[in-house]
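# Examination of the molecular architecture
If you want the building blocks of each chain, they are given just below.
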Amino acid sequence: MKLNSHFILIALMTPILIIGQIKTAQTQVNVTIAQAQSITITQPSVDIQLTQMAHYISGNTSSVQTNHINVGSTTNYQVSVKAESDFLSFNGSNSTIPVNTIALQTTMGSDLTGSNTPASATTIITPSVTLGSADTIVIKNAVAEGARGYNVTYAIPATKTIYYLNKPTGTYTATVIYTLASQ
Amino acid sequence: MKKVVRIASFAIVLFTGVVSQAQTSTGKSAATTLNVNLDNAYDIQIGQSSVSIDMKTPVHFQQGNNSGKQTGHVVVSSNTGYEVKVAAESELLNNGTSIPVSTVTVTPTLGEYKGAGTAPTATDVTLTQNDLAVGTEKTIIAKNSGETKREYDVVYAISAQQANQYLNKTTGVYSTKVTYSLYAK
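Scanning chain A from terminus to terminus reveals 2 helices and 13 strands. Relative to its full complement of 183 residues, chain A shows a buried share of 35%. Of the contacts made within chain A by residues no fewer than 6 positions apart, 78% connect residues no fewer than 24 positions apart.

Further remarks concern the sheet that holds strand β13 (residues 178–184) of chain B. All names here are of chain B. On the basis of which strands lie adjacent, the open sheet formed by 4 strands has the order β9-β11-β5-β13 and antiparallel pairing. For this open sheet the edge positions go to β9 (125–127) and β13, each flanked by a neighbour on one side alone. Here the average twist between neighbouring strands, direction ignored, is 20°. Bridge count between strand β5 (residues 82–88) and strand β11 (residues 138–143): 5 bridges; the pairing is antiparallel. Residue pairing for β11: Y82 is matched across the bridge by K143.

It is worth spelling out the pairing of strand β5 (residues 77–83) of chain A at this point. All names here are of chain A. With respect to burial, β5 is a largely interior element, 6 of its 7 residues being buried. Of the pairings in the sheet, the one linking β5 to strand β11 (residues 136–141) comprises 5 bridges and is antiparallel in character. Across the sheet, V81 pairs through a bridge with T136, a residue of β11. Bridge count for β5 against strand β13 (residues 170–181) is 6 bridges, and the pairing is antiparallel. Directly across from V79, in β13, lies its bridge partner L180.

Nonpolar side chains in soluble globular proteins tend to be buried together. Formed by 37 residues in total, the largest nonpolar core has its most connected members in L50, I69, V79, I102, L104, Y154 and A174 of chain A. When residues of this core are traced back to their parent elements, those giving at least two are β1 (37–41), β2 (45–50), β4 (65–73), β5, β11, β12 (145–157) and β13 of chain A together with β1 (28–38) of chain B. No other element matches the 6 residues that β13 of chain A contributes to this core. Apart from the residues within four sequence positions on either side, L104 of chain A is in contact with V81, V129, L131, V138, V152 and Y154 of chain A. If you look at the next biggest cluster of nonpolar residues, it comprises 20 residues, including I53, V84, L132 and I141 of chain B.

Our next topic: the confidence of the model for chain A. Looking at chain A as a whole, the pLDDT averages 89, with 87% of positions reaching at least 70. Low pLDDT, under 50, characterises residues 1–18 of chain A; the stretch is placed with 0 contacts to residues that sit more than four places away or in other chains.

Right, let's talk about the environment of I139 of chain A for a bit. Residues and elements named next belong to chain A. When you line up the elements, I139 lands in strand β11. Residue class for I139 comes out buried when judged on the 22 C-beta atoms lying within 10 Å of it. Separated by 58 residues in sequence, I139 and V81 have C-alpha atoms that sit 9.4 Å apart. Dropping the residues within four chain positions of it, I139 is found in contact with Q78, V79, T106, T123, I125 and Y150.

Contact with chain A, which involves 52 residues of that partner, is made by 41 residues of chain B. Residue assignment for the side of chain A that touches chain B shows that the elements contributing at least two residues are β1, β2, α2 (53–58), β12 and β13 of chain A. Top contributing element to the side of chain A that touches chain B by residue count: β13 of chain A, with 12 residues. Where β13 of chain A lies against β1 of chain B, 11 bridges are found, and the strand directions are antiparallel. Its bridge partner being in β1 of chain B, T179 of chain A is matched across the sheet by S29 of chain B.

About the cut-offs
Residues numbered from 1 in each chain as written. Chains lettered and ligands numbered in written order. Predicted model: local features only at pLDDT ≥ 70, side-chain atom pairs only at ≥ 80, totals over all residues. Helix = DSSP H or I, 4+ residues; strand = E, 2+ residues; numbered from the N terminus. Buried ≥ 20, exposed ≤ 12 C-beta atoms within 10 Å, placed from the backbone. Contact = placed C-beta atoms within 7 Å. Pairing = 2+ DSSP bridges. Axes fitted to C-alpha atoms, helices over the stretch in contact; angles between N-to-C directions. Core = buried A, V, L, I, M, F, W, Y, C linked by C-beta atoms within 7 Å. pLDDT = per-residue confidence, 0-100.

Written out as structure tokens, the structure is:
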């Protein structure tokens, strides 16, 4: 007898549950994960001095531009560099000094998220890249990073200072463009 | 605490995502202006601090003598065309006895290029033999284009015609200081 009463109770409850389900409502939660990338250059202007004979003899570099390239990417990424022109500009027009007299020396910089995230083990940096008007890849990383800095030094090597001889004195400029893309 | 920090970094990723939504699929770009500041620079070095001409034998007094080639005697670096001028500080002196310094000629020849990279052209150089003069600078090298670490070899000579000026003098060392000056051309 006791067994039977238990069975009845269970049987009664089941219809109640079914009735309750009729009144449920649903919503769909969408999480949109978009590919997000950003690149900024920390120093808008960088100087190399060729003002002493030692500079002409041995070449010279800019100071180290700390975290010059600042990259954020939700995907793997690569950074390439190019100059706007094959020649340095002087007084608003092209000079005869080729931009490939300047090399870009890149090293790992800091984590800029504030979380001290260590540098990705998959990062490949080309330590020295000669500037030109065609894009050359400087950095490749197989994983995403929140905000990663890379240090850059611009260098005129001793073998290239000859291009700066017998030129009017003054400031020669190049616009250097960095492009971030997914791999 | 660590968890809080990680959340903060994730928030940055989301923020940058919002910023970059308007970008094209080819990637983002950012630029910097690179300035190369060029100024004139000049340097001149002398390879040998002391040079001797012997007048010791009858042949020397008959035919003259020279110092032998002083290799890399004058080393010039200049970012523009240049001239090198030479002058003597005094006549050749030995305890108050003097011999005219104009009895000594300076003959430069093109030496090695010790700068970096390929040697620049040297077809635009003019080399001139000159007698030394006290206080008067005489041009011995003129070059239309600049270069770094260009060496010139130099011979100091007493000609046969001048050798007799060394006769009837007290023996000893007669000396003067010779100064080379570099000028932009």
